[in-house]
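For reference, the chains in residue letters:
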Amino acid sequence: MRVALIAGAAVLAVVLIFIIQNANAVTISFLGAHLHLSLAVALLLAAIAGALLMAAAGTARITQLRQIMRRDRHRSHAG
C-alpha cells in the first residue's frame with residue numbers, strides 16, 4: 001500500500017512539473033470549435049481521450065471474445 005502511495009505521489013509531482021513547464025497558452029481548433037488553453041492541459045486532455053478510446057476498444061474486444069466463448073461452450077454441451 002505504501003509503494004502505491006509513493007508511486008502516486010511521484011506521478012503527481014511529475015504531472016505538476018509538466019504543467020508548470022508547459023503553461024504557454026495555445027489555440028486549439030477542432031470541427032469549428034476554438035479553445036484557448038495551456039499546452040499542458042491540451043496534451044493531458046488528448047492523452048486522456050486516447051486512453052479512453054483504447055479502453056473502449058479493449059472492452060469491445062473482450063466482450064466479443066466472451067460471446068464467442070459462451071457460444072462455443074453452449075455448442076460443445078449441446079453436441
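Our structure's up above, just so we're on the same page.
Every value quoted in this text rests on a predicted model; they were computed, and no experiment measured them.

Calculation criteria
Residues numbered from 1 in each chain as written. Predicted model: local features only at pLDDT ≥ 70, side-chain atom pairs only at ≥ 80, totals over all residues. Heavy atoms only, no water. Helix = DSSP H or I, 4+ residues; strand = E, 2+ residues; numbered from the N terminus. Rg over C-alpha atoms; globule rule 2.2 N^0.38 Å. Buried < 20%, exposed > 50% of the residue type's maximum accessible area, 1.4 Å probe, protein only. Pairing = 2+ DSSP bridges.

Asks: Quick rundown of the overall build of the protein chain? Include the residues and the values.
Replies: For the protein chain, the count of helices and strands is 2 helices and 2 strands. Reading the secondary structure of the protein chain in the N-to-C direction produces α-β-β-α. What you see for the protein chain is a C-alpha radius of gyration of 21 Å, clearly larger than the 12 Å of a compact globule of 79 residues, by over 25%. Dimensions along the principal axes, computed over C-alpha positions, put the protein chain at roughly 65 × 45 × 10 Å. The buried share of the protein chain, reckoned over its 79 residues, is 4%.

Asks: Talk me through the environment of Thr-59; I want residue IDs and the actual numbers.
Replies: Its place among the elements puts Thr-59 in helix H2 (residues 39–78). Look at Thr-59 and you get partly exposed, because its relative accessible area is 48%.

Asks: Describe the environment of Val-3, naming the residues involved and giving the relevant values.
Replies: Positionally, Val-3 belongs in helix H1 (residues 2–21). Note on Val-3: relative accessible area 66%, which makes it exposed. Separated by 31 residues in sequence, Val-3 and His-34 place their C-alpha atoms 42 Å apart.

Asks: Lay out the pairing of strand E2 (residues 33–38) with the relevant residues and their values.
Replies: Pairing of strand E1 (residues 25–30) with E2 involves 6 bridges; the strand directions are antiparallel. Residue pairing across strands places Ser-29 opposite His-34, the latter belonging to E2. Counted between consecutive antiparallel strands, the loop separating E1 from E2 contains 2 residues, among which Leu-31 sits at a positive phi close to 50 degrees.

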